Amino acid sequence: METLLLSVPNENSKENIKKAAEILKSGGLVAIPTETVYGLAASAFSGETVKKIYSAKGRPSDNPLIVHIAEKNEIYPLVTKASDKAEKCMDAFWPGPFTAVLKKSDKIPTEVSGGLDTVALRCPQNKIARAVISAAGLPLAAPSANSSGLPSPTTANHVISDLMGKIDAILVSPDCEVGVESTVVTFATDPPRLLRPGGITAEQLREILPDLVIDPAVTNKLENGQKAASPGMKYKHYSPAAEVVMVSAEGKAFADYCNQKSNGFEVALCFEEDLPLLKIKALSLGGREDYEAQAERLFARLRELDDLKVKKAAVHAPNKRGMGLAVYNRLIRAAGFKVVEL
Ligand code: TXA
Ligand code: MG
């Protein structure tokens, strides 16, 4: 299939936004930028169209999609009810990197919900994303626009490298600012539960939801036979081809461990503070406590490991504070939960 590359540097690129909307309205797939990562969008009302998302990404069909809307009031036809707690969070964090899981209405096809009776909803902040949703006049189902299992795409080039020839169009727009995906909270249970940490931090959520529960799968591997509260938790994720090992260490211990030849590391994904101490190739994620910078660079750095054809990499375990929790959650999965504690 021929994939159109549509240049959309900002929300005023009216002509190409209109083209994207036409493709979406006629049942096509278009990759669009959001403030978190690029998404692969299709009409959330068409089960048949949504099936094409799963095949373009190679995504398991029981892993449900997030539905994107341009204004909060667009959720009401899509859900049966929204609790007060959900309303408060949507008011506080929308538009923005926050996703609410609510009981779905019949308008949401089962292909979108992965067979569940809930739907994940998000109102993105990115102006281009909002312009495309409005121009299409449709809620858009959009998972991250990567091949399933690979790191999520934060630049148009990442999308081109994964999906060229498999979808109708890719919007060539600026890089994503947040860099990790939205925070997913389910309100189908009470107390509400954090299923995936992301651009809105657990600390921000707790100001509104003091009773928020953090699902254990955010930081720990699901045991065999344990049921995932969010299907996405059980799949291999964010993985470069390299074997990645997370090394939990303070100060100089990380660099010392990486420098030991017998450990076989070719590259260290590290913090600025580690750079002067490392004798192997180092890719910095940012300062040890600069969680925003770490989030923004994370996926591009993981993709760099593949570009460099690295076989074994060490990653310095991040702190779990603020957006660091989201960075930790992605890296522990990239490492397949392989952790060395020093
Ligand atoms: O920032 C984001 O959220 C990006 C951009 C494109 O908006 N989208 C994204 O979608 O990350 P995706 O499909 O890669 O991740 C959606 C996550 C998955 O882990 C999925 O299992 C979970 O949300 N999810 C979706 N619907 C759900 C539901 N009804 N109940 C529980 N988890 C759900
Ligand atoms: Mg994804």
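The structure we're discussing is the one just above.
All figures in this text were calculated on a predicted structure; none of them were measured in a lab. (Residues numbered from 1 in each chain as written. Chains lettered and ligands numbered in written order. Predicted model: local features only at pLDDT ≥ 70, side-chain atom pairs only at ≥ 80, totals over all residues. Heavy atoms only, no water.)

A. Representation of the overall build of the chain in the model. Helix and strand content of the chain: 10 helices and 17 strands. Contacts in the chain between residues far apart in sequence, at least 24 positions, make up 67% of those at least 6 positions apart. Roughly 14200 Å² of accessible area belongs to the chain as shown, and the carbon and sulfur atoms make up 50% of that amount. Each charge class in the chain can be summarised by its mean position, and for the 42 positive and 41 negative side chains these summaries are 4 Å apart. (Helix = DSSP H or I, 4+ residues; strand = E, 2+ residues; numbered from the N terminus. Contact = heavy atoms within 4.5 Å. Areas by Shrake-Rupley, 256 points an atom, 1.4 Å probe, with all protein chains shown as cover. Lys, Arg positive; Asp, Glu negative; His and termini not counted. Charge placed at Lys NZ, Arg CZ, Asp CG, Glu CD.)

B. Representation of the side chain of Ser-105 within the structure. Its place among the elements puts Ser-105 in the loop between strand S6 (98-104) and helix H4 (110-113). Within the local environment of Ser-105, its side chain forms a polar contact with the backbone oxygen of Pro-77, the two atoms lying 2.7 Å apart. With sequence-adjacent residues up to four places away left out, Ser-105 is seen in contact with Pro-77, Leu-78, Val-79 and Thr-80. (Polar contact = N/O pair within 3.5 Å; in protein donor to acceptor, adjacent residues only side chain to side chain.)

C. Molecular detail of the sheet that holds strand S15 (residues 281-284). With parallel pairing, five strands are arranged side by side in an open sheet as S15-S14-S16-S13-S17. Edge strands, defined here as strands with exactly one partner in the open sheet, are S15 and strand S17 (339-341). Pairwise comparison of adjacent strand axes, ignoring direction, gives a mean angle of 25 degrees for this sheet. Summarising the sheet, strand S13 (residues 243-248) and S17 pair through three bridges and their orientation is parallel. The residue bridging Val-247 from the neighbouring strand is Val-340, located in S17. Against the sheet, helix H9 (residues 291-307) contacts S13, strand S14 (267-270), S15 and strand S16 (312-316), and its axis sits at roughly 155 degrees relative to S15. (Pairing = 2+ DSSP bridges. Axes fitted to C-alpha atoms, helices over the stretch in contact; angles between N-to-C directions.)

D. Representation of a nonpolar patch on the surface. On the surface, Leu-5, Met-164 and Val-172 cluster together into a nonpolar patch covering about 230 Å² of accessible area. Among the residues examined, Val-172 registers a relative accessible area of 32% and is labelled partly exposed. (Patch = residues over 30% accessible without salt bridge, like charges linked within 9 Å, V, L, I, M, F, W, Y side chains within 5 Å. Salt bridge = Lys/Arg side-chain N within 4 Å of Asp/Glu carboxyl O. Buried < 20%, exposed > 50% of the residue type's maximum accessible area, 1.4 Å probe, protein only.)

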